[in-house]
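A closer look at the structure
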Amino acid sequence: METKLLDPATDPTALQQAADLLRAGQVVGIPTETVYGLGANAFDGAAVRKIFAAKGRPQDNPLIVHIADFAQLYDLCPDVPPAAKILANNFWPGPLTMIVPKNGKIPPETSAGLDTVGVRLPAHPVAREIIRLAGLPVAAPSANLSGRPSTTTAQHVLRDMDGKIPAVVEGGACTVGVESTVISLAGDVPRLLRPGGVTLEQLRAVLGEVEVDRALHEQVGEGEKVSAPGMKYRHYAPKAPVTVVLGAPDKTAAYIRAHAGARTGVLCFDDCAGAFDGLQVETFGRSDDLKAQAQLVFDRLRAFDDLDVSDIFAQCPDDRGLGLAVANRIKKAAGFRIIEAG
Ligand code: AMP
Ligand code: MG
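Structure report, in brief. None of the values given here were measured: they were computed from a predicted structure. (Residues numbered from 1 in each chain as written. Chains lettered and ligands numbered in written order. Predicted model: local features only at pLDDT ≥ 70, side-chain atom pairs only at ≥ 80, totals over all residues. Heavy atoms only, no water.)

Next up on the list: the sheet that holds strand β2 (residues 28-30). Pairing within the open sheet is mixed, and its 11 strands lie in the order β1-β8-β2-β3-β7-β4-β6-β5-β9-β10-β11. Because the sheet does not close on itself, it has two edges, and the strands there are β1 (4-6) and β11 (211-212). Direction of pairing for strand β4 (residues 64-66) relative to strand β6 (residues 116-120): parallel, over a ladder of 3 bridges. For His66, the partnering residue across the bridge sits in β6 and is Arg120. Contacting β1, β3 (37-41) and β8 (167-169), helix α6 (residues 154-161) crosses the sheet at an angle of about 165° to β8. (Pairing = 2+ DSSP bridges. Helix = DSSP H or I, 4+ residues; strand = E, 2+ residues; numbered from the N terminus. Contact = heavy atoms within 4.5 Å. Axes fitted to C-alpha atoms, helices over the stretch in contact; angles between N-to-C directions.)

In structure tokens form, the structure reads like this:
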């Protein structure tokens, strides 16, 4: 199949075409402020199976359902928890997914057989307008091939999905750049399952106690049960193996310089690039600019696949604020192969 790029800047029918495809049970690449998603009608199990096929995604990994306004949550969730209203008031529309009890309209394909569903109200106007025009909740995981770095431009989506889906909608580069924060409201205490654009500090400021799932900090084994099934899979990985070097930027730069081979690639902060003369370098923002790091991290991880590198060393922010999300993506790309540089 030919994959069309639908651009609302040049084609006034682009968003309606995307909505019509969704209503017809097709899969469409959709921009959001976090990453580009592969969307399908969340109520249609057969449509959702096409997402898993296009991505090569494991069937036990549930999808996030995207809605266009808060009232739509009542179509998915029989009993909206009080914490969901607090979170929606503070962070929706925006990069936050809440796991809530689901009703019978959500097929097992969408929720991977769980009795809960992840729901998000995105801020990107193109995403919201497509969902509104379709009149459906839209299930969408990131639009990358399973295991590869997530997609933050329409070109990334075309690279992974060309010939596999009928259309991708152009919406510019994603402004957040890492996937949504995922918080479970299904237990007694809210639990952070995946760090993202809404920080743990922000969540605690409005909810009080928030637990942190152990999958954030370590590799979870294939057979193990985890709260967010997606967290156990190797993710975001370029083809060459990645090693994360933790510590102050000057220390990590010195460590990498001392241990780099001739074909080593380096993912580094802008202000450290000078230390890596002669090596293949991808920069992802200044060491003090977490917003830029989040926006760029996936694009730069992807860029290594076009370079002839044997291995990759990566600098990494600490866990404060948005750093928790950026560091989580880099550590996952490395399969949690981590070195402390003093
Ligand atoms: P992605 O669609 O690639 O952004 O990944 C969605 C993330 O949300 C994965 O880590 C999923 O495991 C997690 N997720 C989605 N729905 C649920 C749910 N009902 N319970 C737990 N985690 C979920
Ligand atoms: Mg993903």
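The next point concerns the packing of aromatic side chains. Under the criterion given, the structure shown has 5 aromatic pairs. Seen from their ring centres, Phe70 and Tyr74 are 5.9 Å apart, and the 80° between their planes marks the pair as edge-to-face. A relative accessible area of 25% means that Phe70 is categorised as partly exposed. (Phe/Tyr/Trp six-rings, centres within 6.5 Å; stacked < 30°, edge-to-face > 60°. Buried < 20%, exposed > 50% of the residue type's maximum accessible area, 1.4 Å probe, protein only.)

Okay, the environment of Cys272 next. Its place among the elements puts Cys272 in the loop between β13 (264-268) and β14 (280-283). For Cys272 and Pro249, which are 23 residues apart along the polypeptide, the C-alpha to C-alpha distance reads 7.2 Å. With near-sequence residues (within four places) excluded, Cys272 lies in contact with Pro249 and Gln315.

A separate point is the state of the cysteines. In the structure shown here, the tally under the stated rule is 0 disulfides. Residue Cys272 stays outside any disulfide, its sulfur separated by 6.3 Å from that of Cys268, the closest cysteine. (Disulfide = S-S within 2.5 Å.)

Our next topic: the pairing of β3. Among the 5 residues of β3, 5 are classified as buried, and the element is accordingly described as predominantly covered. Hairpin remark: β2 followed by β3, antiparallel, with 6 residues in the connecting loop. Taken together, the 2 bridges between β3 and strand β7 (residues 138-139) define a ladder with antiparallel strand orientation. From the neighbouring strand, Ala40 faces β7, where its bridge partner is Ala139.

Among the 5 residues in strand β12 (residues 242-246), 5 count as buried, and that is most of the element. Of the two faces of β12, both are covered, the one formed by Val242, Val244 and Leu246 as well as the one formed by Thr243 and Val245. Of the strand pairs in this sheet, β12 and strand β15 (residues 311-314) are connected by 3 bridges, and their pairing is parallel. Across the sheet, Val242 pairs through a bridge with Ile312, a residue of β15. Strand direction decides the pairing type here: β12 and strand β16 (residues 338-340), joined by 3 bridges, are parallel. Bridge pairing links Leu246 to Glu340 in β16.

Following both chains from N to C, one finds helix α1 (residues 14-23) and helix α5 (residues 125-134) inclined at 50°, their axes separated by 8 Å at the closest point. Taken together, the axes of α1 and α5 lie oblique to each other. For the pair α1 and α5, the crossing hand works out as right-handed. Residues Leu15, Gln16, Ala18, Ala19, Leu22 and Arg23 of α1 form the contact with α5, whose participating residues are Val126, Glu129, Ile130, Leu133 and Ala134. The class makeup of the residues in the contact of α1 with α5 is 8 nonpolar, 1 polar and 2 charged. (Parallel < 35°, antiparallel > 145°, perpendicular 65-115°, else oblique. Left-handed = near helix turned anticlockwise from the far one by under 90°. Nonpolar A, V, L, I, M, F, W, Y, C, P; charged D, E, K, R; others polar.)

Direction vectors running N to C along helix α3 (residues 82-91) and helix α7 (residues 200-207) enclose 125°, while the axes themselves pass 10 Å from each other. Taken together, the axes of α3 and α7 lie oblique to each other. The handedness of the crossing between α3 and α7 is right-handed. Facing α3, whose interface residues are Ala83, Ile86, Leu87, Asn90 and Phe91, α7 presents Gln202, Leu203, Val206 and Leu207. In terms of residue class, the contact of α3 with α7 is built from 7 nonpolar, 2 polar and no charged.

Within this structure, the stated rule accounts for 15 salt bridges. Among the salt bridges present, the one from Arg263 reaches Asp308, with a minimum N-O distance of 3.0 Å. Of this pair, Arg263 sits in the loop between α8 (249-259) and β13 while Asp308 is found in the loop between α9 (290-303) and β15, placing the two residues 45 residues apart along the sequence. Since its relative accessible area comes to 41%, Arg263 is described here as partly exposed. Connected through shared salt-bridge partners, Arg148, Asp160, Arg302 and Asp305 make up one network. (Salt bridge = Lys/Arg side-chain N within 4 Å of Asp/Glu carboxyl O.)

Here the focus is the sheet that holds β15. The strand order across the open sheet built from 5 strands is β14-β13-β15-β12-β16, with neighbouring strands paired in parallel fashion. Two strands in the sheet have a free side with no partner beyond their single neighbour: β14 and β16. Neighbour-to-neighbour, the strand axes of the sheet open up by a mean angle of 25°, direction not taken into account. Both β13 and β14 contribute to a ladder of 4 bridges, which runs parallel. Each residue of the ladder has a partner; that of Gly265, found in β14, is Gln280. Here α8 sits on the sheet and contacts β12, β13, β15 and β16; the angle it forms with β12, its principal contact strand, is near 140°.

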